[in-house]
Amino acid sequence: MTDQLLSVLKVALLALVYLFFARVLWAVWSEVRTPVPAEGARIRRGRTTVTSTNESTKKVKVKHARGLPAVVVVEPRESRGQRFSVLDNLTVGRADDNAVPMPDDTFISTHHATFQNREGSLWIVDLNSTNGTFVNGQNVAGEKKLRSGDRVQLGSTVMEVH
């Protein structure tokens with residue numbers, strides 16, 4: 001082999017190593033950052049929503065629940081746009097008996113948190129979840145009152161308050 005060919009192979013190998021490290025850094029970054037919805041993402045109207053009742057296991061399908069506080073899924077992408085109106089309590093977790101079951105999110109506890117409608121105000125109550133509940137990037141210890149536009153992160157699921 002000539003020296004010129006060896007030099008080209010060295011540069012190609014070095015470029016592949018840099019591409020590998022760039023891909024590893026991208027994977028790590030995408031796992032640890034707080035998800036942000038794409039600019040201009042819109043919520044589709046007319047989707048079926050789930051309205052909770054006193055029994056967190058009972059699901060009532062309605063077209064629109066106007067006037068009730070609601071949360072809309074922002075992440076993961078497959079669930080984006082799902083809207084959940086909160087009548088009294090809305091429990092979120094991995095188990096099937098939750099009002100909003102998230103079985104595919106391995107970072108959500110079995111019974112992770114509850115959205116509560118208290119006289120027209122929406123509250124989030126962490127149910128001693130393993131990975132915690134975050135509102136606008138801040139960890140919630142116990143309960144916190146929510147405002148319209150707040151981002152609630154449960155595991156890798158992000159919901160926005162409406």
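Rules and cut-offs
Residues numbered from 1 in each chain as written. Predicted model: local features only at pLDDT ≥ 70, side-chain atom pairs only at ≥ 80, totals over all residues. Heavy atoms only, no water. Helix = DSSP H or I, 4+ residues; strand = E, 2+ residues; numbered from the N terminus. Buried < 20%, exposed > 50% of the residue type's maximum accessible area, 1.4 Å probe, protein only. Contact = heavy atoms within 4.5 Å. Areas by Shrake-Rupley, 256 points an atom, 1.4 Å probe, with all protein chains shown as cover. Polar contact = N/O pair within 3.5 Å; in protein donor to acceptor, adjacent residues only side chain to side chain. Patch = residues over 30% accessible without salt bridge, like charges linked within 9 Å, V, L, I, M, F, W, Y side chains within 5 Å. Salt bridge = Lys/Arg side-chain N within 4 Å of Asp/Glu carboxyl O. Phe/Tyr/Trp six-rings, centres within 6.5 Å; stacked < 30°, edge-to-face > 60°. Lys NZ or Arg CZ within 6 Å of the ring centre and 35° of its normal. Lys, Arg positive; Asp, Glu negative; His and termini not counted. pLDDT = per-residue confidence, 0-100.

Draft legend 1. Broad picture of the overall build of the chain. The number of helices and strands found in the chain is 1 helix and 13 strands. Listed N to C, the secondary structure of the chain is α-β-β-β-β-β-β-β-β-β-β-β-β-β in terms of helices and strands. Counting only residues that meet the buried cut, the chain has 36% of its 162 residues in that class. When contacts within the chain are restricted to residue pairs at least 6 apart in sequence, those whose partners lie at least 24 apart make up 42%. Approximately 10500 Å² of the chain is accessible, and the part contributed by carbon and sulfur atoms is 55%.

Draft legend 2. Seen up close, the environment of D97. Within the secondary structure, D97 sits in the loop between β5 (89-93) and β6 (100-101). Spatially, the C-alpha atoms of D97 and T110 are 9.3 Å apart, while their sequence positions differ by 13 residues. Of the polar contacts made by the side chain of D97, one reaches the side chain of H111; its length is 2.8 Å.

Draft legend 3. Main features of a nonpolar patch on the surface. A cluster of nonpolar residues, L13, V17, F20, F21, V24, W26, V28, W29 and V32, forms a patch on the protein surface that exposes about 970 Å² of accessible area. Mapping V28 onto the fold places it in helix α1 (residues 3-32). On the basis of relative accessibility, which here comes to 47%, the residue V28 falls in the partly exposed class.

Draft legend 4. The arrangement of the packing of aromatic side chains in detail. A complete count under the given rule lists 1 aromatic pair for this structure. The ring of W123 is capped by R118, whose NZ or CZ atom sits 4.5 Å from the centre of that ring.

Draft legend 5. Expanded view of the environment of R147. Checked against the element boundaries, R147 lands in the loop between β11 (143-146) and β12 (151-154). Through-space distance from the C-alpha of R147 to that of W123 is 8.7 Å; in sequence the pair is 24 residues apart.

Draft legend 6. Main features of the side chain of D150. With respect to the element layout, D150 can be found in the loop between β11 and β12. Polar side-chain contacts of D150 include one of 2.9 Å to the side chain of N136. Within the structure, D150 has its side chain in polar contact with the backbone nitrogen of R147 (distance 2.8 Å). Those residues in contact with D150 that sit more than four places away from it in its chain are V135, N136, K145, M159, E160 and V161.

Draft legend 7. Structural detail: the side chain of D105. Along the chain, D105 turns up in the loop between β6 and β7 (113-118). Buried charge without a partner: D105 forms no salt bridge, and the closest opposite charge is R94, 7.3 Å away. In contact with D105, other than residues within four places in its own chain, are R94, L154, G155, S156 and T157.

Draft legend 8. Fine view of the confidence of the model for the chain. The share of residues in the chain with pLDDT of 70 or more is 78%, and the mean pLDDT across the chain is 78. Here strand β2 (residues 60-62) is the element of the chain with the lowest mean pLDDT, 40, and α1 is the one with the highest, 91. Scored below 50 in pLDDT, residues 37-64 makes 56 contacts in the model with residues more than four places away or belonging to other chains.

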